[in-house]
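Spelled out from the first residue to the last, the chains are:
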Amino acid sequence: MSETPFKPVGLDRAVLVANDKLGPTGRVVSRDGVNVRPTDIASKPELKPSPPYLPLVSILIPAYNAREWIADTLRSAIAQTWPRKEIIVVDDGSSDRTLEIAREFESESITVVTQPNQGAAAARNTAYALSKGEFIQWLDADDLLAPDKIAVQMKVAIATESKQTLLSSAWGVFLYRHRHAKFVPTALWRDLSPVDWLITKLGQNLYMQTATWLVTRELTEAAGPWDTRLWYDDDGEYFCRVLLASDGVRFLPGAKVYYRGPGLAFHSLSHIGQARQKLEAHWLSMQLHIRYLRALEDSERVRAAALRYLKTCLIHFYPENRDICWQMEKLARELGGNLGSPTLSWKYAWVRMLVGWRLAKSAQRSLLTLRWSVQKHVAKTVSEVEKAVTKAPFAT
């Protein structure tokens with residue numbers, strides 16, 4: 001960001017008239033009530049205007065076995081046009097070269113630390129404990145920020161009087177070539193109150209990517225630490241608490257985040273299979289989502305949104321985890337409804353009728369995994385060919 005030019009303040013009509021008469025070399029400006037010429041300012045440094053104060057932004061990056069991506073992610077953080085920033089990388093016990101690569105970027109403004117593997121939530125808590133910024137930018141080790149992402153949001157943040165306003169941005173999904181990212185707006189891509197945001201999220205089963213948010217330190221402190229019990233959907237639960245402490249969400253479409261896929265499949269519950277720890281974590285996160293929403297407003301529309309949320313997610317637990325399904329049904333009755341039976345898409349419904357639920361869900365997972373693996377392989381190959389031809393560095 002270029003330095004904001006000095007603008008005369010407190011000018012009265014007499015000064016403006018004098019400027020017109022004196023011409024550009026002898027223009028009079030008002031400085032603390034005293035009319036002075038540029039020549040006076042040059043000879044007296046105490047008369048020079050002070051540069052505007054710019055808040056420090058902390059870019060916090062948890063990393064685990066991200067050797068393929070961490071360099072590009074760090075370059076996108078370094079490339080931020082917002083001038084006052086610190087970057088903190090916490091390696092969560094990676095077994096690959098993630099730590100080695102990250103340390104190649106260490107500098108006065110880039111800190112890299114490591115810790116035994118404890119999960120993403122614990123790594124984020126460590127990063128925050130080391131940070132000093134007045135604003136917090138979370139960034140996963142495989143995602144990218146557009147160069148002006150933080151600057152666009154900070155312009156609004158500075159103009160906003162409230163420290164409780166939460167800023168979000170647009171985000172697009174890509175595999176290897178971020179310039180081909182697909183930005184698909186949802187009902188969350190707008191300004192919303194905390195309760196309306198949560199109703200929309202639960203009722204339509206939507207989410208915002210972690211890096212879209214820019215959070216004041218005041219909001220971060222009010223929300224508390226990341227929940228280390230959650231090995232899945234820790235970001236969804238965390239930002240619910242941030243929302244609870246906020247006075248609303250301000251969506252800025254001009255700020256952009258590039259979310260590296262294939263998250264739409266591999267990072268979804270369709271691909272955690274029988275991983276009981278993750279299923280339990282997701283169920284805990286779901287309960288907390290509903291509890292937070294009902295703490296804001298326990299109305300008919302809230303209960304209806306929560307019930308739709310339960311019905312949408314039932315398929316991920318049914319029929320293997322009957323204890324969780326029973327708890328979901330109990331909560332549904334508390335909300336004034338019932339879950340009924342989950343449904344599969346038409347492509348797999350006939351498989352269920354022939355071989356049952358378990359094999360039908362297994363077929364769905366296997367086919368989705370195969371589909372995304374092929375797409376990832378093709379995208380990587382095209383990207384490598386493109387780099388060999390153009391040798392183009394990261395640019396948006």
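What counts as what
- Residues numbered from 1 in each chain as written.
- Predicted model: local features only at pLDDT ≥ 70, side-chain atom pairs only at ≥ 80, totals over all residues.
- Heavy atoms only, no water.
- Salt bridge = Lys/Arg side-chain N within 4 Å of Asp/Glu carboxyl O.
- Helix = DSSP H or I, 4+ residues; strand = E, 2+ residues; numbered from the N terminus.
- Buried < 20%, exposed > 50% of the residue type's maximum accessible area, 1.4 Å probe, protein only.
- pLDDT = per-residue confidence, 0-100.
- Contact = heavy atoms within 4.5 Å.
- Phe/Tyr/Trp six-rings, centres within 6.5 Å; stacked < 30°, edge-to-face > 60°.
- Lys NZ or Arg CZ within 6 Å of the ring centre and 35° of its normal.
- Core = buried A, V, L, I, M, F, W, Y, C linked by side-chain atoms within 4.5 Å.
- Axes fitted to C-alpha atoms, helices over the stretch in contact; angles between N-to-C directions.
- Left-handed = near helix turned anticlockwise from the far one by under 90°.
- Nonpolar A, V, L, I, M, F, W, Y, C, P; charged D, E, K, R; others polar.
- Pairing = 2+ DSSP bridges.

> Would you explain the pattern of salt bridges in this entry?
Side-chain pairs of opposite charge can arise where the charged atoms are in close proximity. The final tally for this structure, using the stated rule, is 14 salt bridges. The shortest N-O distance in the salt bridge between glutamate 329 and arginine 333 comes to 3.3 Å. Placement of the pair is glutamate 329 and arginine 333 together in helix α13 (residues 322-334), with a separation of four residues, close to one helical turn. Residue glutamate 329 is classed as buried on the basis of its relative accessible area, which comes to 17%. Its relative accessible area of 60% is what places arginine 333 among the exposed residues.

> How do you make sense of the confidence of the model for the protein chain when you look at a structure like this?
Regions with low pLDDT carry predicted coordinates that are not meant to be interpreted in detail. With 76% of its residues at a pLDDT of at least 70, the protein chain reaches an overall mean of 83. Low pLDDT, under 50, characterises residues 1-34; the predicted model gives this stretch 40 contacts beyond four residues in sequence or across chains. Taken together, the stretch residues 264-273 has pLDDT below 50 and engages in 28 contacts with residues farther than four places along the chain or on a different chain.

> What's the story with the packing of aromatic side chains in this structure? I'm lost.
Aromatic ring pairs are described here by two measures, namely the spacing of the ring centres and the angle between the planes. Overall, the coordinates contain 13 aromatic pairs when judged by the stated rule. Judged by centre distance (4.1 Å) and plane angle (10°), the rings of tryptophan 226 and tyrosine 238 are stacked. Of this pair, tryptophan 226 sits in the loop between α8 (217-223) and α9 (234-245) while tyrosine 238 sits in helix α9, and the two are twelve residues apart along the sequence. Residue tryptophan 226 is classed as buried on the basis of its relative accessible area of 3%. Aromatic ring contacts, followed pair by pair, group Trp138, Trp197, Trp213, Trp226, Tyr238 and Phe239 into a single cluster. Across the ring face of tryptophan 226, the terminal group of arginine 124 is positioned such that the distance to the ring centre comes to 4.4 Å.

> Even after reading the chapter, I still don't get the nonpolar core, so can you show me in this structure?
Among soluble globular proteins, nonpolar side chains are generally buried collectively. One finds Ile61, Trp197, Leu310, Phe317 and Met328 to be the most contacted residues of the largest nonpolar core, which totals 96 residues. Each residue touching methionine 328, except ones within four places of it in the same chain, is listed here: Trp283, Met286, Leu310, Cys313, Leu314, Phe317 and Leu339. With five residues, the next largest nonpolar core counts Leu144, Ala146, Ala181 and Tyr258 among its residues.

> It is not clear to me how helix α7 (residues 194-204) should be interpreted in this structure. Could you clarify?
Each turn of an α-helix holds 3.6 residues, which means side chains three or four residues apart point in the same direction. With respect to burial, α7 is a largely interior element, nine of its eleven residues being buried. Every buried residue of α7 is listed here: Pro194, Val195, Trp197, Leu198, Ile199, Thr200, Lys201, Leu202 and Gly203. Buried residues belonging to α7 abut α9, β11 (248-260), α11 (276-296) and α12 (300-313). Looking one or two places after α7, you find asparagine 205, whose phi comes out positive at around 55°.

> Looking at this structure, how should I read the packing of α7 against α12?
The relative placement of two packed helices comes down to the angle between their axes together with the axis-to-axis distance. Running from N to C, α7 and α12 point in directions that differ by 30°, and their axes come no closer than 7 Å. Every pair of crossing elements has a handedness; the one defined by α7 and α12 is left-handed. From α7, Val195, Asp196, Ile199, Leu202 and Gly203 reach across to α12, where they touch Arg301, Val302, Ala305, Ala306, Arg308 and Tyr309. Tallied by class, the residues present in the contact of α7 with α12 amount to seven nonpolar, one polar and three charged.

> Whenever I open this one, the sheet that holds strand β4 (residues 85-92) confuses me. Can you help?
Backbone hydrogen bonds hold the strands of a sheet together, and the pairing may be parallel or antiparallel. On the basis of which strands lie adjacent, the open sheet formed by five strands has the order β5-β4-β3-β6-β10 and mixed pairing. Only two strands of the sheet have a single neighbouring strand rather than two, namely β5 (110-115) and β10 (215-216). The pairing of strand β6 (residues 135-138) with β10 spans two bridges and is antiparallel. What sits directly across from phenylalanine 135, in β10, is threonine 216. Those strands touched by helix α5 (residues 120-130) are β3 (57-63), β4, β5 and β6, and its axis lies near 145° from that of β4. Against the sheet, helix α6 (residues 149-159) contacts β3 and β6, and its axis sits at roughly 150° relative to β6.

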